[in-house]
Amino acid sequence: TEELLEKAFQSLTRAAAIARSDPSVYEGLARVRIARLDLARSQGRPAEAILARAEDYCRQALAADPGRASTFVLRADLYTFWADFLRDTGKEEGPALERSNEAAREAIRLDPANTDAYTVYGRNLWRIALNRMARGQDAGPLLERAAEQLRKAQACDPNNVTVYNNLVRGHAAAYRAI
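Quick summary incoming for the structure in this document. Remember, predicted model here, so these are calculated numbers, not experimental data. (Residues numbered from 1 in each chain as written. Predicted model: local features only at pLDDT ≥ 70, side-chain atom pairs only at ≥ 80, totals over all residues. Heavy atoms only, no water.)

## A few points about the environment of E6
- As for its position among the elements, E6 is in helix α1 (residues 2-18).
- E6 gets classed as partly exposed once you look at its relative accessible area, which sits at 31%.
- Taking C-alpha positions, E6 is 38 Å from A172, a pair spaced 166 residues apart along the chain.
- A distance of 2.4 Å separates a polar atom in the side chain of E6 from a polar atom in the side chain of Q10. (Helix = DSSP H or I, 4+ residues; strand = E, 2+ residues; numbered from the N terminus. Buried < 20%, exposed > 50% of the residue type's maximum accessible area, 1.4 Å probe, protein only. Polar contact = N/O pair within 3.5 Å; in protein donor to acceptor, adjacent residues only side chain to side chain.)

## Notes on the layout of surface pockets
- Computed from the structure, the largest pocket encloses a volume of approximately 190 Å³.
- Along the wall of the largest pocket there are 11 residues; nearest its centre are R123, W126, R127, N166 and R169.
- Taken together, the elements giving at least two residues each to the lining of the largest pocket come down to α6 (115-134) and α8 (161-177).
- Among the residues making up the lining of the largest pocket, the classes are represented as 3 nonpolar, 4 polar and 4 charged. (1 Å grid on protein atoms, 1.4 Å probe; cavity = no way out; pocket = protein on both sides within 12 Å on 5 of 7 lines; lining within 4 Å. Points joined across faces, edges and corners; volume = space filled by probe spheres on them. Nonpolar A, V, L, I, M, F, W, Y, C, P; charged D, E, K, R; others polar.)

## Notes on helix α4 (residues 69-88)
- With 20 residues, α4 should cover 28 Å at 1.5 Å per step; its first-to-last C-alpha distance of 29 Å lies within 8% of that length.
- A large share of α4 lies buried, amounting to 15 of its 20 residues. (Expected span 1.5 Å × (residues − 1).)

## A few points about the side chain of E55
- By the secondary structure assignment, E55 is in helix α3 (residues 48-64).
- In terms of polar contacts, E55 uses its side chain to reach the side chain of Y79, at 2.5 Å.
- Excluding residues that lie within four positions of it along the chain, E55 makes contacts with L78, Y79 and R99. (Contact = heavy atoms within 4.5 Å.)

## Comments concerning the packing of α3 against α4
- Orientation of α3 relative to α4, taken along the N-to-C sense of each, is 170 degrees, at an axis distance of 10 Å. In terms of their interaxial angle, α3 and α4 are classed as roughly antiparallel. Contacts from E48, L51, A54, E55, C58, R59, A61 and L62 of α3 reach α4 at T71, F72, L74, R75, L78, Y79 and W82.
- The residue inventory of the contact of α3 with α4, partitioned by class, reads 10 nonpolar, 1 polar and 4 charged. (Axes fitted to C-alpha atoms, helices over the stretch in contact; angles between N-to-C directions. Parallel < 35°, antiparallel > 145°, perpendicular 65-115°, else oblique.)

## Focus on the nonpolar core
- Counting residues in each nonpolar core, the largest one holds 56 residues, and the members touching the most others are L29, A47, W82, W126 and L143.
- Counting residues per element, this core draws most heavily on α4, at 11 residues.
- Residue contacts for W82: discarding those within four places in its chain leaves L37, A47, E48, L51 and A96. (Core = buried A, V, L, I, M, F, W, Y, C linked by side-chain atoms within 4.5 Å.)

## Looking at the side chain of N101
- As for its placement among the helices and strands, N101 is situated in helix α5 (residues 94-110).
- For N101, a relative accessible area of 1% puts it in the buried group.

Structure, rendered in structure tokens:
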């Protein structure tokens, strides 16, 4: 897997040398870093440097196109993966989820029909709500906001099965936590 990621990285690095102002190249480089972050998480390796480099690539994409909603969705995904890493290493995931939500909200502001932005936002709200429930706190309003975001994703793309799966998972997790 690392070998394939390195090949993708090398190809995208060459593309970046040719098309320095193309935000999609930097998004691709950030996606490779996210995959490496996920791999580091699964192998129990440190990942702070991987996170920092992925953040750099997102910044480069936004420097090329500040209004690119897909880059904000990618940044939201990055911080969700970082939250996974933190949770798996016994650290607080809340700040990473909030950074992810900030990016998702910006993507929604830029593109109110962005299914992926609503989806990541809704999934994160479920996680935050479930964390609150685990600590004995009221999470009702957050659960409703999570479902609302996923319903907005459904409205944007009624045929997106991932959105339905996230709604089912969220409701099931909330039911189990009660």
